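Listed below, chain by chain, are the residues.
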Amino acid sequence: MTTSRVDQTPGRKRGAGGTALTLLAWLIGITMFFPIFWVVMTALKTEQTAFSMTPTFIFSPTLESFRSALAQGSGYWHYAINSVITAFGSTLVGLALAIPAAYAMAFYPSRRTDFTLVWMVSTKFIPAVGVLIPVFLVYRSLGLLDTRLGLTMLFTSMNLPIMVWMVYSYFRDIPVDIVEAASIDGASTTQTMFRVILPLALPGLASTGLLALILAWNESFWSLTMTDYHAATLAVYTASFKSGEGLFWARLSAASVLTIAPIVVLGWFAQRQMVRGLTFGAVK
Amino acid sequence: MSAPPANASPKRRAPTKRLMAPSVLFLLVWMIVPLAMTLYYSFQDYNLMMPDMRGFAGGLSYELLFTDPVFWDALLNTLLLVATCLLVTVVAGLALALLFNRTFVGRGIARTLAISPFFVMPVVTGLIWKYMLLDPVYGLFSWVMRSVGLEPVQWLSSYPLLSVVMMISWEWTPFALLILLTGLQSLPEDQLEAVRLDGANRWQEFRHIVLPHLGQVLYVVIMLESIFFLTSFAEIYATTSGGPGTATTNLPYYIYLGAFFQYDIGLSSAAAIGAVVLANIFAIFLIRFVAGNLNAGSQR
């Protein structure tokens, strides 16, 4: 090590251009975020100020649009509740399925383990349109169309490969000796899993759940094709603004804010898990 | 089941099959069985409008598909969309990752702002862009163009595919940024140090150290994004509905229209098989890569 300054500035030396690059980075960050900021601003305007040829930055904020957005269609809450139930439901079902599978693969690996894991990951790469038609027809004959149960299961199938992989990778960080020690002490598989391993892997399981929640909440393809009213999620609610309603910009913005705010904020906390989960560990 | 006796062998077999069965069964039922059914339907003459006239059709659906000009439009649009979005997101993502790999005041906040678009629901992205940014009269883009003395553009009708590319790129550049940045941060500092001592300039440093190190990461980003871009749907659904004409109809939207508006199960299934094959071209490389990584780490 030559100087300690190098340690503080990984990647780049500080120079005259440093300030310019810093400003550029900030400028780009703000530009990327601007559409989101703009939607929040528009949501706080009246329809008249929202709909003007010259954008207004100074105005007296009003919650009027939020009030009318909440009443849109059969009301924001109908869709929000469906989103919450399907997103949380699919996350819980996904964890319940993924934990035992990942446990077996991480602590009792066999020659077939890698194959099973890779097969599971590969199902993630079947495009949803590839299974759309049979799923629709089978759901129609089973009465699962436009039901929360049907949608929850589709979200689960979409996230399960990622969840198994993530839980597996967190379990692999736990030394296998712990499981062997527990079984020498006479603990059953269930006991070892619940009393020893799950507490140790809790942060990893929470990350996995968070990622699954974000992906399920933002899922639009299945919601738009499989639901209509009863199980319709916020994706369907927001999409209902796409035609004539789109003329009410303040209300459209308020609806958008209500739909994306919780997940964008959660996403800020899940940046690292996102990388780990979506790249299947190929990037660390 | 009763607990095994305390003196059981420590290496005794856990009920691994029963632990894995639920996940395996679930994926079989929800992914593999429907996929097989799609393949089956693609050889059937099956229209929901005439449910009684069903039967084996051989390769008829594929013949109809390959002679349907809209299918070729959709295929071309899909490939254009994937290629353009890849180019934009990977180049911009790499530039941003290099920019955000420096330490500077408020880096965490600036980076968080830059990656936020990735967490916006695609339907909302579509609507924000369609109205508030791209509206030819009231949109922000038009205001900016008028301010600098240019004629505002009818984005969605004059440049529909470009508009969709802009939306998808806004959402996915953060993804490339996030993953490439993670890759950059694992770059061993001593390697950089060594070439700097040898008097390498920044370009040489980037060309000979950073880029080779990022090779794998770039590969993963390109493969993953290709698969996601192939299946873009919500942005198109919320904005152009595949139009004007077929200008923004991609393969997923073509299949959606065929199944839900023309009720043609046979033809749409054939197109769906096409989409699966296309996705697999990318997925095979990615899966091999993931599998290679697994084996590398199997000694524990």
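Residues numbered from 1 in each chain as written. Chains lettered and ligands numbered in written order. Predicted model: local features only at pLDDT ≥ 70, side-chain atom pairs only at ≥ 80, totals over all residues.

**Student:** Which parts of the structure should I look at to understand the overall build of chain B?
**Tutor:** Of the regular secondary structure elements, chain B holds 13 helices and two strands. Radius of gyration (C-alpha) of chain B: 25 Å, far over the 19 Å computed for a compact globule of 300 residues. Referenced to the eigenvectors of the C-alpha coordinate spread, the extents of chain B come out at roughly 85 × 75 × 35 Å. Within chain B, the fraction of its 300 residues that count as buried is 45%. Here the analysis covers contacts within chain B between residues at least 6 apart in sequence; of these, 70% occur between residues at least 24 apart. (Helix = DSSP H or I, 4+ residues; strand = E, 2+ residues; numbered from the N terminus. Rg over C-alpha atoms; globule rule 2.2 N^0.38 Å. Buried ≥ 20, exposed ≤ 12 C-beta atoms within 10 Å, placed from the backbone. Contact = placed C-beta atoms within 7 Å.)

**Student:** Please clarify how the interface of chain A and chain B should be interpreted in this entry.
**Tutor:** Reports of interface size often rely on the accessible area that becomes lost once the parts have come together. Listed per partner, the contact involves 95 residues of chain A and 91 residues of chain B. Tallying contributions element by element places helix 2 (residues 17–43) of chain A first for the side of chain A that touches chain B, with 15 residues. Taken together, the residues that form the side of chain A that touches chain B break down as 61 nonpolar, 28 polar and six charged. (Nonpolar A, V, L, I, M, F, W, Y, C, P; charged D, E, K, R; others polar.)

**Student:** Can you walk me through unusual backbone geometry in this structure?
**Tutor:** The bulk of non-glycine residues show a negative phi, and the bulk of peptide bonds are trans. Residues and elements named next belong to chain B. One non-glycine residue with positive phi stands out, namely Ser241, at about 50 degrees. Tracing the backbone shows Ser241 in the loop between helix 11 (234–238) and helix 12 (251–260). Non-glycine residue Tyr263 carries a positive phi angle of around 55 degrees. Tracing the backbone through its elements, the reader meets Tyr263 in the loop between helix 12 and helix 13 (265–296). On the neighbour-count criterion, Tyr263 (15 C-beta atoms within 10 Å) is partly exposed.

**Student:** What should I look at first to understand the packing of helix 3 (residues 69–100) of chain B against helix 8 (residues 160–185) of chain B in this one?
**Tutor:** When two helices pack together, you describe them by how their axes are tilted relative to each other and by the distance separating the axes. All names here are of chain B. At a minimum axis distance of 6 Å, the contact between helix 3 and helix 8 shows a crossing angle of 40 degrees. With respect to each other, helix 3 and helix 8 are oriented oblique. Helix 8 is crossed by helix 3, and the crossing has right-handed handedness. By residue class, the composition of the contact of helix 3 with helix 8 is 20 nonpolar, six polar and no charged. (Axes fitted to C-alpha atoms, helices over the stretch in contact; angles between N-to-C directions. Parallel < 35°, antiparallel > 145°, perpendicular 65-115°, else oblique. Left-handed = near helix turned anticlockwise from the far one by under 90°.)

**Student:** What am I meant to see in the UniProt feature "transmembrane region" (unreviewed entry) in chain A here?
**Tutor:** Look at the UniProt record and you will see "transmembrane region" (unreviewed entry) annotated at residues 21–44, 76–105, 117–139, 151–171, 192–217 and 248–270 of chain A. The distance from the first to the last C-alpha atom of residues 21–44 of chain A is 34 Å, and the span holds 96% helix and 0% strand. (UniProt positions renumbered as here; feature names shortened; annotations may be inferred.)

**Student:** Just checking my understanding: could you explain the confidence of the model for chain A for this structure?
**Tutor:** Fine structural detail should not be taken from predicted coordinates in areas where pLDDT scores are low. All names here are of chain A. This prediction gives chain A a mean pLDDT of 84; 92% of its residues lie at or above 70. Here helix 1 (residues 4–8) stands out as the least confident element of chain A, with mean pLDDT 39; helix 5 (residues 76–107) is the most confident, with 93. Ignoring residues within four places in sequence, the model shows residues 1–13, a span with pLDDT below 50, making eleven contacts including any to other chains. (pLDDT = per-residue confidence, 0-100.)

**Student:** Help me understand the confidence of the model for chain B in this model?
**Tutor:** All names here are of chain B. Predicted confidence across chain B gives a mean pLDDT of 84, with 93% of residues reaching 70 or more. For chain B, the element scoring lowest by mean pLDDT is helix 9 (residues 189–197), at 79; helix 3 scores highest, at 93. Of the regions scoring below 50 in pLDDT, residues 1–10 engages in seven contacts with residues more than four places distant in sequence or in other chains. Model confidence for the complex: the whole-complex pTM is 0.86, and ipTM, which rates the interface, is 0.84.

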